[in-house]
Amino acid sequence: MADVGVDATGTVERTLNDAGLEWESPGDGHYVVTLPGTRKLSTTCSLVIGKHSLSINAFVVRHPDENEPAVHRWLLERNTRLYGMGYAIDRLGDIYLVGKLPLSAVTAEELDRLLGTVLENADGSFNTLLEMGFATAIRKEYVWRTSRGETTRNLDAFAHLTDPKPGPKSNSKPGPKSNMKPKPGPKPGSGSDSTG
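Residues numbered from 1 in each chain as written. Predicted model: local features only at pLDDT ≥ 70, side-chain atom pairs only at ≥ 80, totals over all residues. Heavy atoms only, no water.

Draft legend 1. Focus on the pairing of strand β1 (residues 22-27). Burial of β1 is sparse: only zero of the six residues sit out of reach of the surface. Summarising the sheet, β1 and strand β2 (residues 30-36) pair through four bridges and their orientation is antiparallel. Paired with glycine 27 across the two strands is histidine 30, which belongs to β2. Connecting β1 to the next strand, β2, in antiparallel fashion are two residues, including glycine 29 with a positive phi near 75°. (Buried < 20%, exposed > 50% of the residue type's maximum accessible area, 1.4 Å probe, protein only. Helix = DSSP H or I, 4+ residues; strand = E, 2+ residues; numbered from the N terminus. Pairing = 2+ DSSP bridges.)

See the structure below:
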């Protein structure tokens, strides 16, 4: 059985090198891989060669601030379409992609396919998960940045969450100016309001 582990080690290292990915090995049979992203800057993926299997774990996003049941439902529905991986949560509620492959099935093609699944589902779903689980935080971040004159470029994907809702448009042209002034209402605290 030791030969299978040695073969898996060689296969993992060759595949990572051939793909031009950044990786390091903090211990025998343990690899930390950085997958470049487009929505998410990068995804860190851990590969661990065990006695009988290769485990793959990748952090996707922290515990949602809001809308948690809908986020979890969305993840479970997505799990039915994933190849060799599944969304999972840890004890803190942070979201990961996890998978396991028997050592005898570790080939360059399978590893490439699993890493592609990680990238597609960590990076590809990132904005959706942020919208669902962090909409309030996105709006607050937008307000904070604009109040300080800072760039909001990396929030452009969430413009539909941060742009003020446009009011109803009118096709009518303004009428002539009136010289009439509004009639003053009762002064606050005078007891003449109608809420009584």
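That was the structure; now back to the text.
Draft legend 2. The arrangement of helix α2 (residues 68-79) in detail. Counted at 1.5 Å a residue, the expected span for α2 with its 12 residues is 16 Å, and the 16 Å between its end C-alpha atoms agrees. Taken residue by residue, α2 has Val71, Trp74, Leu75 and Arg78 as its buried positions. Seen along its axis, α2 keeps its buried residues to an arc of 100°; they face one direction. The exposed residues of α2 that point more than 90 degrees off its buried face are Pro69, Arg73 and Leu76. Check the buried side of α2 and you find it contacts β5 (86-89), β6 (95-102), α3 (108-122) and α4 (126-147). (Expected span 1.5 Å × (residues − 1). Arc of directions from axis to C-beta. Contact = heavy atoms within 4.5 Å.)

Draft legend 3. Broad picture of the nonpolar core. In this structure, Cys45, Leu47 and Leu97 are the most contacted members of the largest nonpolar core, which totals 41 residues. For this core, the secondary-structure elements that each account for two or more residues are α1 (2-18), β2, β3 (42-49), β4 (53-61), α2, β6, α3 and α4. Residue contributions to this core peak at seven residues, all from α4. (Core = buried A, V, L, I, M, F, W, Y, C linked by side-chain atoms within 4.5 Å.)

Draft legend 4. Region of interest: the packing of aromatic side chains. Tallied over the entire structure, the rule returns three aromatic pairs. Ring centres of tryptophan 74 and tyrosine 87 lie 6.3 Å apart, and the angle between their planes is 50°; this geometry places the pair in the tilted category. Of this pair, tryptophan 74 sits in helix α2 while tyrosine 87 sits in strand β5, placing them 13 residues apart in sequence. Tyrosine 87 shares its class with tryptophan 74; the two are buried. (Phe/Tyr/Trp six-rings, centres within 6.5 Å; stacked < 30°, edge-to-face > 60°.)

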